[in-house]
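Observations on chain architecture
Here is how the chains run, residue by residue.
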Amino acid sequence: MKIAVIAVGKLKERYWKEALAEYVRRLSAYARIEVIELPDRGSQTGSPKQVADTEGEEILKCLQQLGTQGGNVYVIALDGRGKQLSSEGVSRRIDELKLRGKSRLVFIVGGSHGLSSTVLSNADEALSFGEQTWPHNMARIMLAEQLYRAFAISSNHPYHK
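Along every chain, residues carry numbers that run from 1 in the direction the sequence is written. At least 70 in pLDDT is required for a residue's local features to be given in this predicted model, at least 80 for side-chain atom pairs to be given and counted, and no such filter applies to totals for whole chains, interfaces and linings, which use all residues. The basis for every side-chain value is the complete set of non-hydrogen atoms in the structure, without hydrogens or water.

Some words on the side chain of Q146
Stated formally: Numbered from the N terminus, helices here are DSSP runs of H or I no shorter than four residues, and strands are runs of E no shorter than two. Partly exposed describes any residue whose relative accessible area lies between the buried limit of under 20% and the exposed limit of over 50%, with all areas from a 1.4 Å probe on protein chains only and scaled to the type maximum. Here a polar contact is recorded for every N or O atom pair within 3.5 Å, except that within protein the pair must consist of a potential hydrogen donor and a potential acceptor, and residues adjacent in sequence are included only if both atoms are side-chain atoms. In this analysis, two residues are considered to be in contact whenever any of their non-hydrogen atoms come within 4.5 Å of each other.
For Q146, the position within the fold is in helix 5 (residues 136-154). You can call Q146 buried: its relative accessible area is 18%. Within the local environment of Q146, its side chain forms a polar contact with the side chain of E145, the two groups lying 2.7 Å apart. In contact with Q146, other than residues within four places in its own chain, are S87, V90 and F129.

Re helix 2 (residues 48-66)
Threshold: Multiply 1.5 Å by the residue count of a helix minus one, and that product is the helix's expected span.
Under the 1.5 Å per step criterion, the end-to-end length of helix 2 is 27 Å for 19 residues, consistent within 8% with the ideal 27 Å. Looking at helix 2, one finds that the buried residues are V51, A52, E55, G56, E58, I59, C62, L63 and L66. Once helix 2 ends, the next one or two residues include G67, with phi positive near 70°.

Regarding the nonpolar core
For clarity, the cut-off: Working definition of a nonpolar core: buried Ala, Val, Leu, Ile, Met, Phe, Trp, Tyr and Cys residues. They are joined through side-chain atoms within 4.5 Å.
One finds I3 and F107 to be the most contacted residues of the largest nonpolar core, which totals 28 residues. Ranked by the residues each element gives to this core, the list is headed by helix 5, at eight residues. In contact with I3, not counting residues within four places along its chain, are A31, R32, I33, E34, L105, F107, L147 and F151. Membership of the second largest hydrophobic core comes to 17 residues, among which are I6, L63, L115 and V119.

As for the sheet that holds strand 2 (residues 32-38)
Rule in force here: Any two strands with at least two DSSP bridges between them are considered paired. Helix axes are fitted only over the stretch in contact, all axes being lines through C-alpha atoms; the angle between N-to-C directions runs from 0 to 180 degrees.
In space, the five strands of this open sheet follow the order 2-1-4-3-5, with parallel pairing throughout. Of all strands in the sheet, those bounded by a partner on one side alone are strand 2 and strand 5 (125-128). Strand-to-strand twist of the sheet, defined as the mean angle between neighbouring strand axes without regard to direction, takes the value 30°. Sheet topology places strand 1 (residues 2-8) next to strand 2; seven bridges connect them, and they run parallel. Within strand 2, the position partnered with I6 by the bridge is I36. Its contacts with the sheet put helix 3 (residues 87-99) on strand 3 (73-84), strand 4 (104-109) and strand 5, and the angle it makes with strand 3 is roughly 155°. Across the face of the sheet, helix 5 comes into contact with strand 1, strand 2, strand 3 and strand 4 while running at roughly 170° to strand 1.

What to know about the pattern of salt bridges
Where we set the bar: Basic side-chain nitrogens of Lys or Arg form a salt bridge, by our definition, when they fall within 4 Å of a carboxyl oxygen of Asp or Glu.
In total, this model carries 14 salt bridges according to the counting rule given. Here R104 makes a salt bridge to E34, at a shortest N to O gap of 3.6 Å. Here R104, found in strand 4, pairs with E34, found in strand 2; they are 70 residues apart in sequence, far enough to count as distant. Residue E34 is classed as partly exposed on the basis of its relative accessible area, which comes to 37%. E125 is the partner of R93 in a salt bridge, and the nearest nitrogen-oxygen pair spans 2.9 Å.

A short note on the packing of helix 3 against helix 5
Our working definition: Any angle between 65 and 115 degrees counts as roughly perpendicular, while under 35 counts as roughly parallel, over 145 as roughly antiparallel, and the rest as oblique. Basically, the charged four are Asp, Glu, Lys and Arg, the nonpolar ten are Ala, Val, Leu, Ile, Met, Phe, Trp, Tyr, Cys and Pro, and anything else, Gly included, counts as polar.
Running from N to C, helix 3 and helix 5 cross one another at 75°; their axes reach a closest spacing of 8 Å. It follows from the interaxial angle that helix 3 and helix 5 lie roughly perpendicular. Only Q146, L147, R149, A150, F151, I153 and S154 of helix 5 make contact with helix 3, whose side of the interface consists of S87, E88, V90, S91, I94, D95 and K98. Residue composition of the contact of helix 3 with helix 5, grouped by class: six nonpolar, four polar and four charged.

Overview of the packing of helix 1 (residues 14-27) against helix 5
The test is simple: The handedness criterion is simple: a crossing whose near helix is rotated anticlockwise from the far helix by less than a right angle is left-handed, and one whose near helix is rotated clockwise is right-handed.
At a minimum axis separation of 9 Å, helix 1 and helix 5 run at an interaxial angle of 20°. With respect to helix 5, the axis of helix 1 lies roughly parallel. Crossing of helix 1 against helix 5: the hand is left-handed. Each of W16, A19, L20, Y23, R26 and L27 in helix 1 lies in contact with helix 5, whose residues at this interface are N137, M138, R140, I141, A144, E145, L147, Y148 and F151. Broken down by class, the residue content of the contact of helix 1 with helix 5 amounts to 11 nonpolar, one polar and three charged.

Structure, rendered in structure tokens:
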């Protein structure tokens, strides 16, 4: 399976980079993972909606470059209004998608102003990490950890206890 994570903003602090690198390393036993960082436009002038729309245009271009229109690709946006799943639920969902012939998953992590409505409407599904607000850097690490955990659950690896 191939996994792409499109994320707005760069991980600047070493501890974020190291955490992501560790989970990407662990995930590599199960899938090929690619992390694509897009510019964070959060400091631009304009309303939060305008910033999210600008970032959204760049996300949509990236999706197009990845060739996400094919039937074997499934796009999941991280959004606070999305579906909440347990770790086991994420694992089952990935297994279901594999059974449906989806060989590539694309996850989208927005910037500090969230994702534009256009990006959300172009995603196949929205996933939420709960009602709490998380920094988008941490959300990226949480996503990587949950993906690793999901594959560990599916393969009966003892990581998930």
